[in-house]
Amino acid sequence: MARQQPPPWVHAAVLLCLLCLSGAIEIPMDLSQPPTITKQSVKDHIVDPRDNILIECEAKGNPAPSFHWTRNSRYFNIAKDPRVSMRRRSGTLVIDFRSGGRPEEYEGEYQCFARNKYGTALSNRIRLQVSKSPLWPKENLDPVVVQEGAPLTLQCNPPPGLPSPVIFWMSSSMEPITQDKRVSQGHNGDLYFSNVMLQDMQTDYSCNARFHFTHTIQQKNAFTLKVLTNNPYNDSSLRNHPDMYSARGVAERTPSFMYPQGTASSQMVLRGMDLLLECIASGVPTPDIAWYKKGGDLPSDKAKFENFNKALRITNVSEEDSGEYFCLASNKMGSTRHTISVRVKAAPYWLDEPKNLILAPGEDGRLVCRANGNPKPTVQWMINGEPLQSAPPNPNREVAGDTIIFRDTQISSRAVYQCNTSNEHGYLLANAFVSVLDVPPRMLSPRNQLIRVILYNRTRLDCPFFGSPIPTLRWFKNGQGSNLDGGNYHVYENGSLEIKMIRKEDQGIYTCVATNILGKAENQVRLEVKDPTRIFRMPEDQVAKRGTTVQLECRVKHDPSLKLTVSWLKDDEPLYIGNRMKKEDDSLTIFGVAERDQGSYTCVASTELDQDLAKAYLTVLGRPDRPRDLELTDLAERSVRLTWIPGDDNNSPITDYVVQFEEDQFQPGVWHDHSKFPGSVNSAVLQLSPYVNYQFRVIAINEVGSSHPSLPSERYRTSGAPPESNPADVKGEGTRKNNMEITWTPMNATSAFGPNLRYIVKWRRRETRESWNNVTVWGSRYVVGQTPVYVPYEIRVQAENDFGKGPEPDTVIGYSGEDLPSAPRRFRVRQPNLETISLEWDHPEHPNGILIGYTLKYVAFNGTKLGKQIVENFSPNQTKFTMQRADPVSRYRFTLSARTQVGSGEAVTEESPAPPNEAYTNNQADIATQGWFIGLMCAIALLVLILLIVCFIKRSRGGKYPVREKKDVPLGPEDPKEEDGSFDYSDEDNKPLQGSQTSLDGTIKQQESDDSLVDYGEGGEGQFNEDGSFIGQYTVKKDKEETEGNESSEATSPVNAIYSLA
């Protein structure tokens, strides 16, 4: 529960039109006065080329001033340019491009003049520039080749936009480039690599420029990196290696600076600006950067570090920030420094800016224009925009450097004076008029105002007035008594009355009286004092279980004449009243408390004049507070007693304590669980390992969660001893064909038992009886080189420290690196039938590693035509494979190779046997099984038998039979080869065509065969010589003219032969 002080803005309502206590008195606008510039554009005015151009210039005066402009110090005739106009009752220029035109044509330096009959006021010189976002020149970038570990700078060189674009780096796929202390973007936009690693090749790098006015992003062509490395393997496993660079074979280097170069440089900054110093260093390992100032400390209130400590920014620089700064880049190989000499210059800044001077006739006065800068600025006075030297002489005016003195001023002295102070870094221009008036006092605020204030607050009453000569002002209370000044009251130069602490008796009517030689004026203010708003029953801190109901009270006492509003904040933000909450005038109720309800709740009771705050904290089933006051006692060689004081359990009993330890040799700063104890104890004996510098802490646990760890105990180091164990997970595996990498899990601090833990690594070839090789290693790996391919080794790894060696280690069998296997042996291809092909093989004679399988590639072919290649992968134990033929005609070519983890080895190639040429009996097996076809074949066979018998009889009788040219009984469809005297007895619809294209399913179609049944000595209608010999053709075709005169024009048929027997 806490009461908070209201913020300073709470009591602002009690003030009436307060002027700055030292502010200048303003002339009422109904009185004659010279012009005063009230609004103007900034000195460096950058405009969007897509919009119309506005150059602002506004002024007040009586009479109202007129305006004109100069451009590049010459009169700018607005009437001659149809695109340029001036706003009514203003000097603001509008340049309209809706009808065309180029904004660049209007760039230049503009100045506004506001004039009436009492003088001329000037604006600043406004430099108009049009925003530019030029396109990035297209270029082809060659890959950047760099050695791993070397530094690298990728230059951005953005186009010179106005204003300068924002630079950022992304990949070509618009993924942001991850930056860290090794890879980061410099202030100039370049991307710096302190050292290049192999993983930097995983993306490309593109510089992007975002332009402010056009809201466009331009992308440069991407850089690609090619990193040359001595160790291209196992990059991911080495990325988090404790000594990543040496593990990757990258030479370590001392730091050197990439930016700025050399050992020293200088930098100039203007007062009031930000100073940005930058140091980017290369080196292996990546250097750390630290900043210092020679002869003093960095300004902690203004200095901050950026870009992973590579940049130092000092805001709002002043002359005290000049001096020598240096950055120190260091890594374990050494350090280097760069000194930057900082010089602070300054554009002119005001020490005493000239203010309007209001005088009565005959009065004296002065204008002061005092400025400073580095170098020292010069001061030039002007009157009504013209050099003071060229103005008519005025005996009542005297110029003394930065001051103009007026004596016995007369009406003719009215004018606007300009003070221009400048140096090489900029300028300041101020207008100040001299007005000579005879005006009796007048009040400028409404009469008889009511002011309400809170009891005990500080209050200031204002009474704005004017007169010339400037009147004196006095305050009175309730129309009587002496002038109010002193004690609880204080009157400022501008007439404001301050009451330091309001009391009840201060309530009443206050009168302010302004007097000069021309008269007096007065005004009254009625002051009412109200009781303060107070929370008398504040909400209290609560601890609640999840799901319960919580009520926070907030009862308020306030002045009954003021309207009260009560609101709530949660964690200093307005509280959203959801359906689980109910807000009443004097309380806030939360139903079904959840974890997200935990936090601070502030009751805000406010009126239109003041407010009061009260805060309470709601804890929802809190975790235990941390244990405290850890103490070590009973110190022994291998044990110690730890005692602690439990923290608050926050309404949830502590169930367990976890004791953790940290040691400062192997893993400093890393905490490990040591043991666990019941929540009812606060002291325990801990068993320790030799030669460990222990530090302990305790964590309390309840049903809600774990406490924050306790503060650590003091350290306790145990004495050393030889190791009692050896490293685990010893392995020997080849990473290349001619090496073997021996690895193991390094022993931790609790098993090292002594300083300088190291490992004795021994190895020898198995079953060779050769002597052991040995080496001492401090890491967790050792690579044996120049090994034969995949041979077994006996390996031993023994721990050793300065107190002695560990026990004799177990022998582990490892293998040197694998290579590609030799070809499988005795690769055999058999074809047991026309539907299947069987393959068998034996394992390679030289596996050169652990076989992980076989790869079989085969393709069907028919002559020069190839089918689609098919790939089969087999397990290392499979040595047989049977495949189904896609068709009975095509042959197959098989290529078989064995695989190890290195890859596929030498391949062996075999082809399937050529299929027997049984185009009819085999290729037409489906027709030969049909009944009609069998019947037809039987009939043909019978006719051939009869013909043979007849021929035999006729021959035995010495007779002859006629030979016909045509078949009397056709054996089937007309043969397409009839013209050349041949006849193909095969089924044309089913017979594959040799040389045809491979079908979509990979089956080879054979071309039409020239074979006939004669090739197989089978039936059909043949021809015989008279001696019974067979003529090797089925038919003989002759032209009709050649058949004339023969005995018969028909070929002999079995039917004709039968007739001839008669």
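Basis of the calculations
- Residues take numbers from 1 onward in each chain, read along the sequence in its written order.
- Per-residue local features are limited, in this predicted model, to residues with pLDDT of at least 70; the limit for side-chain atom pairs, both in listing and counting, is 80 or more; totals at the level of whole chains, interfaces and linings are taken over all residues.
- Note: side-chain values were computed over all heavy atoms of the structure, leaving out hydrogens and water.
- A run of H or I in DSSP counts as a helix once it spans at least four residues, and a run of E counts as a strand once it spans at least two, with each numbered from the N terminus.
- Type-normalised accessible area, obtained with a 1.4 Å probe on protein chains alone, sets the label of each residue: buried when under 20%, exposed when over 50%, and partly exposed for intermediate values.
- For the accessible areas, the method is Shrake-Rupley and the probe is 1.4 Å, while residue cover comes only from the protein chains on display.
- Criterion for a salt bridge: a side-chain nitrogen of Lys or Arg within 4 Å of a carboxyl oxygen of Asp or Glu.
- Strands qualify as paired when DSSP identifies two bridges or more between them.
- Whenever a helix is involved, its axis is fitted only over the stretch in contact; in every case the axis is a line through C-alpha atoms, and angles between N-to-C directions fall within 0 to 180 degrees.
- Two cysteine sulfur atoms make up a disulfide if the distance between them is within 2.5 Å.
- Whether two residues touch is decided by their heavy atoms; if any such pair falls within 4.5 Å, the residues are in contact.
- Candidates for patches are residues over 30% relative accessible area with no salt bridge; among them, like charges are joined within 9 Å and nonpolar side chains (Val, Leu, Ile, Met, Phe, Trp, Tyr) within 5 Å.
- Charge assignment: positive for Lys and Arg, negative for Asp and Glu; neither His nor the chain ends contribute.
- Whenever a nitrogen or oxygen atom comes within 3.5 Å of another N or O atom, the pair is scored as a polar contact, on the condition that within protein one atom can donate a hydrogen and the other can accept it, and that pairs from neighbouring residues in sequence are kept only if both atoms are in side chains.
- Nonpolar cores are built from buried Ala, Val, Leu, Ile, Met, Phe, Trp, Tyr and Cys residues. Side-chain atoms within 4.5 Å join them into one set.
- Every residue is assigned a pLDDT by the predictor, reflecting its confidence on a scale from 0 to 100.

### Some points on the overall build of the chain
Now for step 1: A tally of regular secondary structure across the chain gives six helices and 82 strands.
Now for step 2: Considering the chain as a whole, with its 1062 residues, one finds that 44% of them fall into the buried category.
Now for step 3: Put simply, the chain shows about 56000 Å² of open surface, and 49% of that area lies on carbon and sulfur atoms.

### Quick notes on the pattern of salt bridges
When the charged atoms of two side chains lie near each other, side chains of opposite charge can form a pair.
Now for step 1: This model, assessed by the stated rule, comprises 48 salt bridges.
Now for step 2: Residues R555 and E553 are paired through a salt bridge, measuring 3.4 Å at the closest nitrogen-oxygen approach.
Now for step 3: Across the pair R826 and D842 runs a salt bridge whose closest N-O atoms are separated by 3.4 Å. Here D842 lies in strand β74 (residues 836–842) and R826 lies in strand β73 (residues 825–830), a separation of 16 residues in the sequence.
Now for step 4: Members of the salt-bridge network, linked through shared partners, are R537, E553, R555 and D586.

### Focus on the sheet that holds strand β31 (residues 365–368)
Paired through their backbone hydrogen bonds, the strands of a sheet run either parallel or antiparallel.
Now for step 1: One open sheet holds the three strands; their spatial order is β31-β36-β35, and the pairing between them is antiparallel. Because the sheet does not close on itself, it has two edges, and the strands there are β31 and β35 (397–400). Strand-to-strand twist across the sheet, computed as the mean angle between neighbouring axes with direction ignored, equals 15°.
Now for step 2: Where β31 and strand β36 (residues 403–406) come together, four bridges link them in antiparallel fashion. Within β36, the position partnered with R366 by the bridge is I405.

### A look at the state of the cysteines
Now for step 1: Tallying each qualifying case throughout the model produces six disulfides.
Now for step 2: Note on cysteine connectivity: C279 is disulfide-linked to C327, with sulfurs 1.9 Å apart. Disulfide C279-C327: torsion about the S-S bond near -70°, hence left-handed. Taken together, the positions of C279 in the loop between β23 (275–278) and β24 (280–284) and C327 in strand β28 (residues 323–331) put the pair 48 residues apart, joining distant regions of the chain.
Now for step 3: Under the relative-accessibility criterion, C279 is labelled buried at 0%.
Now for step 4: In this structure C327 comes out as buried when scored by relative accessible area, which is 0%.
Now for step 5: With its sulfur 1.7 Å from that of its partner, C369 forms a disulfide with C419.

### Some points on the sheet that holds strand β55 (residues 587–590)
Now for step 1: What the three strands build is an open sheet, ordered β50-β55-β54; its pairing is antiparallel. In the strand order of this sheet, the two ends are held by β50 (550–553) and β54 (581–584), each with one partner. Neighbour-to-neighbour, the strand axes of this sheet turn through a mean angle of 10°, independent of strand direction.
Now for step 2: Of the strand pairs in this sheet, β50 and β55 are connected by four bridges, and their pairing is antiparallel. Looking at β55, one finds that L552 is bridged to L588.

### Brief notes about unusual backbone geometry
Now for step 1: Looking along the chain, the bond that leaves N62 and enters P63 is cis, with omega of 5°.
Now for step 2: When you line up the elements, P63 lands in the loop between β5 (57–62) and β6 (66–71).
Now for step 3: Residue P469 is bonded to the preceding S468 through a cis peptide linkage, with omega at 5°.
Now for step 4: Secondary-structure assignment places P469 in the loop between β42 (465–468) and β43 (472–477).
Now for step 5: Phi at N848 takes a positive value of approximately 55°, unusual for a residue other than glycine.
Now for step 6: Classification of N848 by relative accessible area gives partly exposed; the value is 23%.

### Quick word on the environment of E714
Now for step 1: The topology assignment puts E714 in the loop between β63 (693–701) and β64 (716–717).
Now for step 2: Between the C-alpha atom of E714 and that of Q695, which follows or precedes it by 19 residues, the distance is 6.1 Å.
Now for step 3: With near-sequence residues (within four places) excluded, E714 lies in contact with L632, Y694 and Q695.

### Looking at a nonpolar patch on the surface
Now for step 1: Side chains of L942, L945 and I949 sit close together on the surface and give an oily, nonpolar patch of about 280 Å² of accessible area.
Now for step 2: Given the relative accessible area of 47%, L945 is considered partly exposed.

### Some details on the pairing of strand β66 (residues 739–745)
Now for step 1: Counting buried positions over the seven residues of β66 gives five, a clear majority of the element.
Now for step 2: Inspection of the sheet shows strand β65 (residues 728–733) paired to β66 by four bridges, in the antiparallel sense. Bridging across to β66, K731 finds its partner in T743.
Now for step 3: The hairpin formed by β65 and β66 contains five residues between the paired strands.

### Comments concerning the side chain of T409
Now for step 1: Looking at where T409 falls in the secondary structure, it is placed in the loop between β36 and β37 (415–423).
Now for step 2: Residue contacts for T409: discarding those within four places in its chain leaves L359, A360, P361, G362, E363 and V436.

### Considering the side chain of E663
Now for step 1: Relative to the elements of secondary structure, E663 occurs in strand β60 (residues 656–663).
Now for step 2: Here E663 occupies a buried position and makes no salt bridge, while the nearest side chain of opposite charge, R715, is found at 7.1 Å.
Now for step 3: In terms of polar contacts, E663 uses its side chain to reach the backbone amide nitrogen of F666, at 2.9 Å.
Now for step 4: Only 2.7 Å separates the side chain of E663 from the backbone nitrogen of Q667, close enough to count as a polar contact.
Now for step 5: Excluding its chain neighbours within four sequence positions, the residues that come into contact with E663 are P668, G669, V692, N693, R715 and A749.

### Some points on the nonpolar core
Now for step 1: The biggest cluster of nonpolar side chains holds 30 residues, and the ones touching the most others in it are I55, W69, L93 and Y110.
Now for step 2: Every element with two or more residues in this core is listed here: β4 (53–55), β5, β6, β9 (93–95), β10 (108–116) and β12 (126–130).
Now for step 3: Each residue touching L93, except ones within four places of it in the same chain, is listed here: I53, L54, I55, W69, F76, I78, V84, S85, M86 and Y110.

### What to know about the environment of R893
Now for step 1: Tracing the sequence through the fold places R893 in strand β79 (residues 891–900).
Now for step 2: Here the alpha-carbon distance between R893 and E911, two residues 18 residues apart in the chain, equals 4.3 Å.
Now for step 3: Contacts of R893, omitting those with residues within four sequence positions, involve K857, Y858, V859, F861, L866, T909, E910 and E911.
Now for step 4: Polar contacts involving the side chain of R893 include one to the side chain of E911, which spans 2.9 Å.

### Comments concerning the environment of S194
Now for step 1: Mapped onto the secondary structure, S194 falls in the loop between β17 (191–193) and β18 (206–211).
Now for step 2: According to the relative accessible area criterion, S194 is buried, its value standing at 2%.
Now for step 3: The spacing of S194 and K181 is 13 residues in sequence and 8.1 Å in space, taken between C-alpha atoms.
Now for step 4: Once you skip the residues sitting within four places of it in the chain, S194 turns out to touch P151, K181, R182, R253, M258, A281, S282, G283, T286, P287 and K310.
Now for step 5: For S194, the side chain forms a polar contact with the main-chain oxygen of A281, separated by 2.7 Å.

### Remarks on the confidence of the model for the chain
Now for step 1: Predicted confidence across the chain gives a mean pLDDT of 84, with 85% of residues reaching 70 or more.
Now for step 2: Below pLDDT 50 for its whole length, residues 234–242 participates in 13 contacts with residues either more than four positions away or in separate chains.
Now for step 3: Note that pLDDT drops below 50 for residues 918–926; the model gives that stretch 19 contacts with residues more than four away or on any other chain.

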